[in-house]
Amino acid sequence: MRRPSARAVVLDAWPLLLSVVLCWPLLSGRGLPLARDLVFVPRQPFTDASIGLGDAAPRAVPLDAVVSVLSQAVGGEVLARVLVPGLLALAGWGAHRLLAQHGMAARLAAGGFAVWNPWTVERLSLGQWALIGGYAALPFVLAATVRLRREWGLANFSRLVLVAALGSLTPTGGLLAVLVVAATTLGRSARGWLATGVVLVLQLPWVVAGAVGAAGLTSDPDGVTAFAARGDGVGHGVGALLGLGGIWDGRSVPASREAVWSWLALAVTILACTFGWAALRRVCPSRTLTGAAVAAGVGLGLASLSSLPGGAALVQLMVESVPGAGLLRDSQKFLAPFVLFVVVSGGAAVGRLSAAVADRDGLAGTVLVGGLFLPVVLLPDATTVTWPTVTPVAVPPGFARAADIVAAQDREPGCRMVSLPWRSYRLYPWGSGDTSSDLAVRMFDCSVIAEDSLQVGDTVVSGENAAAAETARALAEGRPADVLAARGVGWVLVQQDDPESAGLDLSGLEEEYEDDSVALYRVPGATARPPSVPVSRQEMVWFATLITFLTALLASVGLVFATFRTRNR
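Worth saying up front: this structure is predicted, and the values here are computed from it rather than measured.

K.L.:
What's the story with the overall build of the chain in this structure? I'm lost.
P.N.:
In terms of regular secondary structure, the chain is built from 24 helices and 12 strands. Here the C-alpha atoms of the chain give a radius of gyration of 24 Å, agreeing with the 25 Å that 2.2 N^0.38 yields for 569 residues. With respect to the three principal axes, the spread of C-alpha positions in the chain is 85 × 55 × 50 Å. Excluding contacts between residues fewer than 6 apart, the proportion of contacts in the chain whose partners are at least 24 apart in sequence is 77%. With the model as given, the accessible surface of the chain reaches about 24000 Å², and the carbon-plus-sulfur share is 62%. Mean positive and mean negative side-chain charge positions of the chain (42 and 42 charges, respectively) differ by 18 Å.

Here is the structure:
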């Protein structure tokens, strides 16, 4: 096995270094990340919800199943420290490999820009590491399609399936992978249709779970405007998107994006696409380059749709009437293919400029350093929004003790628990100082019912969880002890450090555990309800998951076999 060259080490080290900087509190501290949507637990149990058979919409299927398995093996603390910075670095590694023919300056610039840009920083600030994982898979998907078009064979086809499977661990990531594969392979050849069809097969777990599961098929249209792209220093949301920003959550936006720096980022985007396109055309197959541009344009169009005249009304109509269209509400996430296109174009532009001044003393080094640090210069305060999110905390031991009690005493498949006080996001006094998703949802080997509505500014966006809506109505009618048993809820978890916990009427419940942080109660007389998803539909979800797993497994075997055969010729 050959040792990696110093050049290869440097190319991979730069994206990794930037990832480490963005995630430094997580890597240097102890505990688990618990802020915004970034929630890791010591051991995440494998439940029905892990494959989309719970009460909530399958937004993290099959990722939750993968995290459950991995956390049992290595623990949440290790897993978080590998996945969060690792996926960021992976995006940079994939981006610079797309520019293998463009020189050191181009590759370093692309690798750094893929990690440190407004889109990744804002999404990391929101805690959406899984979405970053889908984005990180895109350069590898694009590279695999290039190889496949150049030489059709078992190895290249298997490689495409595997990297697309990585991107398809979440619904959004899967849609982005399908978009890139379709845009770069579809045509008159049946091979492109086959490749796209197999990548579509990888989406079966969340598609089938969403179609036959217990969650509602449609979503609250109020979420369209609440989650639409937000203008920053550039002004309009579309302008912010062109500068690779525009996230709906104002707290995730670095202060520099509200100033002149956002205009500089927009200018860099325009220059990168203009000069980078010319450089890419010289070495990149025209079909691939056109396909990548189409994917980027479609991504930009989807991200912009809710911000355009009449666009919000159209998306609201789709969200209300088309099953699964709720994925379109948080529109800015679909900017990922455009981000990748700008990253690669920017790297190519830097490489072109570096080649033009290669024979001039000092200028080549200046271009290299400028391309290297330009992303940091354009977003100098990125860590002010990422560090609060990734700062780890020590979870009180009472949560683990309560989880052990439930796991030991309730082995019924229909175990249900309500988390009180009734709210979707919690501000733990022992936490990082920011709100987070309810820790109990991921920690208990039970179907945990919690509020799933979300308040964005003055707008309350209703969730799709029918069980949560039913429970909310029941809790408004009487004591938990009186209204939960008939609904099959056998457990109540009270998070005692919530200010509203003191006002709860817990009379009639049987206390199983209590400390300063949590209290666990049994609901007397609770009877198991039929599963939220009928057995026949459960079998459909399991079958879809099995098909996807076998597809990825066969691709792995195919790649190993093809590699072994090539080496032994």
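K.L.:
How do you make sense of the sheet that holds strand 12 (residues 518-522) when you look at a structure like this?
P.N.:
Strand pairing in a sheet is mediated by backbone hydrogen bonds. Such pairs are either parallel or antiparallel. Across the sheet, five strands lie side by side as 7-4-10-12-11; this open sheet has mixed pairing. The sheet is open, and its two edges are formed by strand 7 (447-449) and strand 11 (510-514), each paired on a single side. Pairs of neighbouring strands in the sheet enclose a mean axial angle of 25 degrees, with direction left out of account. By the bridge criterion, four bridges tie strand 4 (residues 416-420) to strand 10 (residues 491-495) in an arrangement that is parallel. In the strand pairing of strand 10, Ser419 is matched with Leu493. Those strands touched by helix 20 (residues 397-409) are strand 4, strand 10, strand 11 and strand 12, and its axis lies near 15 degrees from that of strand 12.

K.L.:
What should I look at first to understand the packing of aromatic side chains in this one?
P.N.:
Centre distance and the angle of the planes are the two values used to describe a pair of aromatic rings. Within this structure, the stated rule accounts for nine aromatic pairs. Ring geometry for Phe40 against Trp129: centres 5.3 Å apart, planes inclined by 35 degrees, an arrangement best described as tilted. Remark: Trp129 occurs in helix 7 (residues 129-150) and Phe40 occurs in the loop between strand 2 (38-39) and helix 3 (63-74); sequence separation between them is 89 residues. Residue Trp129 is classed as buried on the basis of its relative accessible area, which comes to 12%. A ring pair is formed by Phe399 and Trp430, whose centres lie 6.0 Å apart and whose planes are at 65 degrees; its orientation type is edge-to-face. Linking Phe399 in helix 20 with Trp430 in the loop between strand 5 (425-426) and strand 6 (436-437), this pair joins segments that are 31 residues apart in sequence. An identical accessibility class is assigned to Phe399 and Trp430; each is buried. Three or more aromatic residues joined by ring pairs make a cluster, and in this case those are Phe399, Tyr428 and Trp430.

K.L.:
Can you help me understand helix 10 (residues 190-201) in this one?
P.N.:
Owing to its 3.6 residues per turn, the α-helix brings residues three or four apart onto one side. Taking 1.5 Å per residue, 12 residues should reach 16 Å; helix 10 reaches 16 Å between its end C-alpha atoms and fits that length. Where helix 10 begins, one side-chain oxygen reaches toward the backbone nitrogen of Arg191, 3.1 Å away; that side chain belongs to Ser189.

K.L.:
Whenever I open this one, the layout of surface pockets confuses me. Can you help?
P.N.:
If you roll a probe as big as a water molecule over the atoms, it shows you where there is empty space left. Of the volumes computed, that of the second largest pocket is approximately 730 Å³. If you trace the second largest pocket, you find 31 residues lining it, with Arg97, Leu98, Leu142, Ala143 and Val146 closest to the centre. At the level of secondary structure, the elements contributing two or more residues to the lining of the second largest pocket comprise helix 4 (76-97), helix 7, helix 8 (154-167), helix 14 (261-283), helix 15 (286-305) and helix 17 (336-356). Among the elements that make up the lining of the second largest pocket, the one with the highest residue count is helix 7 (eight residues). Each residue belonging to the lining of the second largest pocket can be placed in one class, and the counts come to 22 nonpolar, five polar and four charged.

K.L.:
Is there a simple way to explain the state of the cysteines in this structure?
P.N.:
Linking two cysteines covalently through their sulfur atoms gives a disulfide. Taken as a whole and assessed by the stated rule, the structure comprises one disulfide. A sulfur-sulfur separation of 1.9 Å characterises the disulfide bridge that pairs Cys415 with Cys446. Because the torsion about its S-S bond is -95 degrees, the bridge between Cys415 and Cys446 counts as left-handed. Here Cys446 lies in the loop between helix 21 (440-443) and strand 7 and Cys415 lies in the loop between helix 20 and strand 4, a separation of 31 residues in the sequence.

K.L.:
Explain empty space enclosed by the protein here, please?
P.N.:
Inspection of the entire model under this criterion finds two cavities of 30 Å³ or more. Space inside the largest cavity adds up to approximately 80 Å³. If you trace the largest cavity, you find 13 residues lining it, with Phe113, Asn117, Pro118, Ala265 and Leu378 closest to the centre. Every element with two or more residues in the lining of the largest cavity is listed here: helix 14 and helix 18 (363-378). Element by element, the count of residues in the lining of the largest cavity is highest for helix 14, at three residues. Partitioning the lining of the largest cavity into residue classes produces nine nonpolar, three polar and one charged.

K.L.:
Can you help me understand unusual backbone geometry in this one?
P.N.:
What you tend to see is this: most non-glycine residues have negative phi, and most peptide bonds are trans. Pro62 follows Val61 through a cis peptide bond whose omega is 5 degrees. Note on placement: Pro62 falls in the loop between strand 2 and helix 3. Omega for the peptide link from Leu420 to Pro421 comes to -10 degrees, which places this bond in the cis form. Looking at the element boundaries, Pro421 is found in the loop between strand 4 and strand 5.

K.L.:
Mind showing me how you'd approach helix 7 here?
P.N.:
The first and last C-alpha atoms of helix 7 sit 33 Å apart over 22 residues, in line with the 32 Å expected at 1.5 Å per residue. The largest bend along helix 7 reaches roughly 25 degrees and is located at Leu138, with the proline Pro139 sitting one to four residues downstream. Among the 22 residues that make up helix 7, 16 are buried, leaving the element largely enclosed by the rest of the structure.

K.L.:
Sorry if this is basic, but what is going on with the pattern of salt bridges here?
P.N.:
Oppositely charged side chains are able to pair whenever their charged atoms sit close together. Under the criterion given, the structure shown has 17 salt bridges. In this structure, Arg416 and Asp55 form a salt bridge, with 3.2 Å as the shortest nitrogen-oxygen distance. Placement of the pair is Arg416 in strand 4 and Asp55 in the loop between strand 2 and helix 3, with a sequence separation of 361 residues. Residue Arg416 shares its accessibility class with Asp55, and that shared class is buried. A salt bridge links Arg251 to Asp434, with the shortest nitrogen-to-oxygen separation between them at 2.8 Å. Within this pair, whereas Arg251 is found in the loop between helix 13 (237-242) and helix 14, its partner Asp434 is found in the loop between strand 5 and strand 6, the two being separated by 183 residues in sequence. Judged by its relative accessible area of 14%, Asp434 is buried. Because the salt bridges share partners, they merge into one network encompassing Arg423, Arg426, Asp438, Asp498 and Glu500.

K.L.:
Honestly, the side chain of Ser168 in this entry has me stumped. Any pointers?
P.N.:
Inspection of the secondary structure assignment puts Ser168 in the loop between helix 8 and helix 9 (171-185). Apart from the residues lying within four places of it in its own chain, the contact partners of Ser168 are Pro62, Gly173, Gly174, Ala177, Leu202 and Gln203.

K.L.:
Looking at this model, I keep getting lost on the pairing of strand 4. Mind explaining?
P.N.:
Consecutive side chains along a regular strand alternate between the two faces of the sheet. Within strand 4, five of the five residues are buried, which leaves it mostly tucked inside the rest of the structure. Of the two faces of strand 4, the one lined by Arg416, Val418 and Leu420 and the one lined by Met417 and Ser419 are each fully buried. Alignment of strand 4 against strand 7, held across three bridges, turns out to be parallel. Within strand 7, the residue paired with Val418 across the bridge is Ile449.

Rules of the game
Residues numbered from 1 in each chain as written. Predicted model: local features only at pLDDT ≥ 70, side-chain atom pairs only at ≥ 80, totals over all residues. Heavy atoms only, no water. Helix = DSSP H or I, 4+ residues; strand = E, 2+ residues; numbered from the N terminus. Rg over C-alpha atoms; globule rule 2.2 N^0.38 Å. Contact = heavy atoms within 4.5 Å. Areas by Shrake-Rupley, 256 points an atom, 1.4 Å probe, with all protein chains shown as cover. Lys, Arg positive; Asp, Glu negative; His and termini not counted. Charge placed at Lys NZ, Arg CZ, Asp CG, Glu CD. Pairing = 2+ DSSP bridges. Axes fitted to C-alpha atoms, helices over the stretch in contact; angles between N-to-C directions. Phe/Tyr/Trp six-rings, centres within 6.5 Å; stacked < 30°, edge-to-face > 60°. Buried < 20%, exposed > 50% of the residue type's maximum accessible area, 1.4 Å probe, protein only. Expected span 1.5 Å × (residues − 1). Polar contact = N/O pair within 3.5 Å; in protein donor to acceptor, adjacent residues only side chain to side chain. 1 Å grid on protein atoms, 1.4 Å probe; cavity = no way out; pocket = protein on both sides within 12 Å on 5 of 7 lines; lining within 4 Å. Points joined across faces, edges and corners; volume = space filled by probe spheres on them. Nonpolar A, V, L, I, M, F, W, Y, C, P; charged D, E, K, R; others polar. Disulfide = S-S within 2.5 Å. Bend = angle between axes of the 7 residues up to and from the residue. Salt bridge = Lys/Arg side-chain N within 4 Å of Asp/Glu carboxyl O.

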